[in-house]
Amino acid sequence: MVDTPRQRLTRSQARRAALRAAGLDRRRPVRPGPGGARELQRVVDRLGLLQVDSVNVLARAHLVPVYSRSGAWDVTALDRATGRAPRRLVETWAHEASLVPPATFRDLAFKHAANRARVERRGDCLDGVPVGRSPQVAAAWEVVEQHGPVTAREAQELLGGPARRTDAWGWSWTEARHALEYLFYVGELTTAGRNAQFERRFDLPDRALPREVLAAPPADERTARRRLTEIAARAHGVAGLRCLADHWRTGVEPTRTAVAELVEDGVLEPVEVTGWRGPLYRHRDAAVPRRAQGRALLSPFDPLVWERTRTEQLFGLRYRLEIYVPAAQRVWGYYVLPFLLGERLVALVDLKADRRGGVLRVHAAHRAPGPAGDPLTGAPSDAEVAHELAAELAEVAAWLGLQDVLVGGDAAGDLARALAVEVVPPGA
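Quantities reported herein were computed from a predicted structural model and do not represent experimental measurements. (Residues numbered from 1 in each chain as written. Predicted model: local features only at pLDDT ≥ 70, side-chain atom pairs only at ≥ 80, totals over all residues. Heavy atoms only, no water.)

## Quick look at the sheet that holds strand 15 (residues 359–367)
Okay, step 1: Ordered in space as 12-13-14-15-16, the five strands form an open sheet in which the pairing is mixed. Only two strands of the sheet have a single partner each, and these edge strands are strand 12 (295–297) and strand 16 (404–412). On average, each strand axis in the sheet is tilted by 30° relative to the strand beside it, whichever way the strands run.
Okay, step 2: Two elements, strand 14 (residues 344–354) and strand 15, share eight bridges in a ladder whose sense is antiparallel. By the bridge assignment, Ala353 is partnered in strand 15 with Leu360. (Pairing = 2+ DSSP bridges. Helix = DSSP H or I, 4+ residues; strand = E, 2+ residues; numbered from the N terminus. Axes fitted to C-alpha atoms, helices over the stretch in contact; angles between N-to-C directions.)

Below, the structure is given as structure tokens:
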């Protein structure tokens, strides 16, 4: 079956639809105090998941998407959502390691099974630790079953192995962690939150998931794939096949089948977007607002910029996380966040939260290029971008408990000087 587009969108319309779907087309609400569980739940309901990453240069990766959409929020709400029954979120392997609603954990059973098959095809070891039905993995599971929730460090202590890895087989922290991470990867374990050191507290799904979720009959793979694909489509508004598959990292071909079913049922509509190669799809609930007026710094792990090809097609920005790129080869900086203003990604900012000094440091600020062949009519000037960015940085700093924003004299980028003019110097 060949999808015949029934609607044509300009790139601007597609951007606005994507921003509305992502919850980024409006300014964040002004509240008398920080948000909490309600704001967290709204963002998860909209996006379907939050990617977890240990990078803490600015803030933990999964905390920033909530801030970008809701403003200052009390992150202890996440501890309650993940660490107390009935849990609203559990961790599993989705789009990389992610926090997902408990019902979604069960819908990902086919992905967990595929993960197991993938590891076992590669061989009997994962980083030197035997997997599958090995005694090491069985012992790790039994520790969680008897003592969970436990961290990998606690599991190592309970297993009584050496504190450091040795050439001979023995239970070191490293081996315990690899075994537990394997069980997490294949869905035999999930988490009961994380501790203050950001260590996973591994637990059995039968204990971590709410009773009503466990009592519901599991979905077959076809139903689960379709449900996940619709969540991805709703979160994107307008997306290509690869974007939808990337949301859950579920593979293009099986996603194609789910998309075809959703098109047949009218949930998705094939569309054309100027300058963006298809096939492309619009969720039936995706609105195209007349204007997009949002302002937000975006985490590199935000779903709006996850799928880099989509970011290039919609916003004209070739954006990569450059943490692992040698300093001399970086284009934008070490930990760079795109800055959204209206319907455009107008700047890229390399930031660091200096918690000891109480300062949000700007190492670089660049204007972002616009889409080729799609002139940004009415694009803001450098001075306008710098003014809005300075205000955004001040709000982010306040949320993080930092007293000042500092643009260093050696800050890189063509926007750094204009930004420095707008930022009030520390102590001024």
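## Notes on the pattern of salt bridges
Okay, step 1: All chains considered together, the criterion is met by 29 salt bridges.
Okay, step 2: Of the charged contacts in the structure, one is a salt bridge between Arg207 and Asp203, with a shortest N-O distance of 2.7 Å.
Okay, step 3: Taking the shortest distance from any N to any O, the salt bridge between Arg320 and Glu312 comes out at 3.3 Å.
Okay, step 4: The exposure class assigned to Arg320 is partly exposed, which follows from its relative accessible area of 31%.
Okay, step 5: Via salt bridges that share partners, Arg27, Arg28, Arg295, Glu388, Glu392 and Glu395 belong to a single interconnected network. (Salt bridge = Lys/Arg side-chain N within 4 Å of Asp/Glu carboxyl O. Buried < 20%, exposed > 50% of the residue type's maximum accessible area, 1.4 Å probe, protein only.)

## Notes on the sheet that holds strand 9 (residues 238–240)
Okay, step 1: A sheet is described by the order of its strands in space; here four strands give the open sequence 1-10-11-9, paired in mixed fashion. Every other strand in the sheet has two partners, leaving strand 1 (7–9) and strand 9 as the edge strands with one partner each. Adjacent strand axes in the sheet meet at a mean angle of 45° when their direction is disregarded.
Okay, step 2: Of the pairings in the sheet, the one linking strand 1 to strand 10 (residues 268–273) comprises three bridges and is parallel in character. Within strand 10, the residue paired with Gln7 across the bridge is Val271.
Okay, step 3: Seen against the sheet, helix 12 (residues 221–236) touches strand 9, strand 10 and strand 11 (276–283) and runs at an angle of roughly 100° to strand 11.
Okay, step 4: Docked against the sheet, helix 15 (residues 308–315) engages strand 9 and strand 11, running at close to 95° with respect to strand 11. (Contact = heavy atoms within 4.5 Å.)

## Some points on the confidence of the model for the protein chain
Okay, step 1: In the predicted model, the protein chain carries a mean pLDDT of 91, and 91% of its residues have values of at least 70.
Okay, step 2: The low-confidence segment residues 166–172, where pLDDT is below 50, has 17 contacts with residues more than four positions distant or belonging to other chains. (pLDDT = per-residue confidence, 0-100.)

## A look at the packing of helix 12 against helix 13 (residues 241–248)
Okay, step 1: As a packed pair, helix 12 and helix 13 sit with axes 9 Å apart at the nearest point and diverge in direction by 115°. It follows from the interaxial angle that helix 12 and helix 13 lie roughly perpendicular. The crossing of helix 12 and helix 13 is right-handed. Two secondary-structure elements touch here, helix 12 through Leu228, Thr229, Ile231, Ala232, Ala233, Ala235 and His236 and helix 13 through Cys243, Leu244, His247 and Trp248.
Okay, step 2: Residues that form the contact of helix 12 with helix 13 fall into these classes: eight nonpolar, three polar and no charged. (Parallel < 35°, antiparallel > 145°, perpendicular 65-115°, else oblique. Left-handed = near helix turned anticlockwise from the far one by under 90°. Nonpolar A, V, L, I, M, F, W, Y, C, P; charged D, E, K, R; others polar.)

## Here we look at the side chain of Ser134
Okay, step 1: Mapped onto the fold, Ser134 is located in the loop between strand 6 (129–130) and helix 7 (135–147).
Okay, step 2: Residue classification places Ser134 among the buried residues on the basis of a relative accessible area of 8%.
Okay, step 3: From its side chain, Ser134 meets the backbone nitrogen of Val137 in a polar contact 3.3 Å long. (Polar contact = N/O pair within 3.5 Å; in protein donor to acceptor, adjacent residues only side chain to side chain.)

## Here's the deal with helix 4 (residues 76–83)
Okay, step 1: Buried residues of helix 4: Ala77, Leu78, Ala81 and Thr82, and no others. Buried residues of helix 4, viewed axially, fall in a sector of 125°; they line one side.
Okay, step 2: Residues of helix 4 that are buried sit in contact with helix 2 (37–47), strand 4 (96–100) and strand 7 (190–194). (Arc of directions from axis to C-beta.)

## Quick notes on unusual backbone geometry
Okay, step 1: Note that the residue after Ala85, namely Pro86, is joined by a cis bond; omega there is -5°.
Okay, step 2: Looking at the element boundaries, Pro86 is found in the loop between helix 4 and strand 3 (90–94).
Okay, step 3: Along the chain, Gly148 connects to Pro149 via a cis peptide bond; the corresponding omega equals 0°.
Okay, step 4: Checked against the element boundaries, Pro149 lands in the loop between helix 7 and helix 8 (152–159).
Okay, step 5: Although it is not a glycine, Glu96 adopts a positive phi angle of roughly 60°.
Okay, step 6: One can find Glu96 in strand 4.
Okay, step 7: What makes Glu96 partly exposed here is its relative accessible area of 31%.
Okay, step 8: Positive phi is not limited to glycine here, since Arg249 has a value of about 55°.
Okay, step 9: Tracing the sequence through the fold places Arg249 in the loop between helix 13 and helix 14 (252–264).
Okay, step 10: With relative accessibility at 35%, the residue Arg249 sits in the partly exposed group.

## Quick word on the packing of helix 13 against helix 14
Okay, step 1: Between helix 13 and helix 14, the shortest axis-to-axis distance is 9 Å and the interhelical angle comes to 110°. On the basis of their axis angle, the class for helix 13 and helix 14 is roughly perpendicular. Judged by the sense of rotation from one axis to the other, the crossing of helix 13 with helix 14 is right-handed. On helix 14, the residues that touch Leu241, Arg242, Leu244 and Ala245 of helix 13 are Val252, Thr255, Arg256 and Val259.
Okay, step 2: When grouped by side-chain class, the residues that make up the contact of helix 13 with helix 14 number five nonpolar, one polar and two charged.

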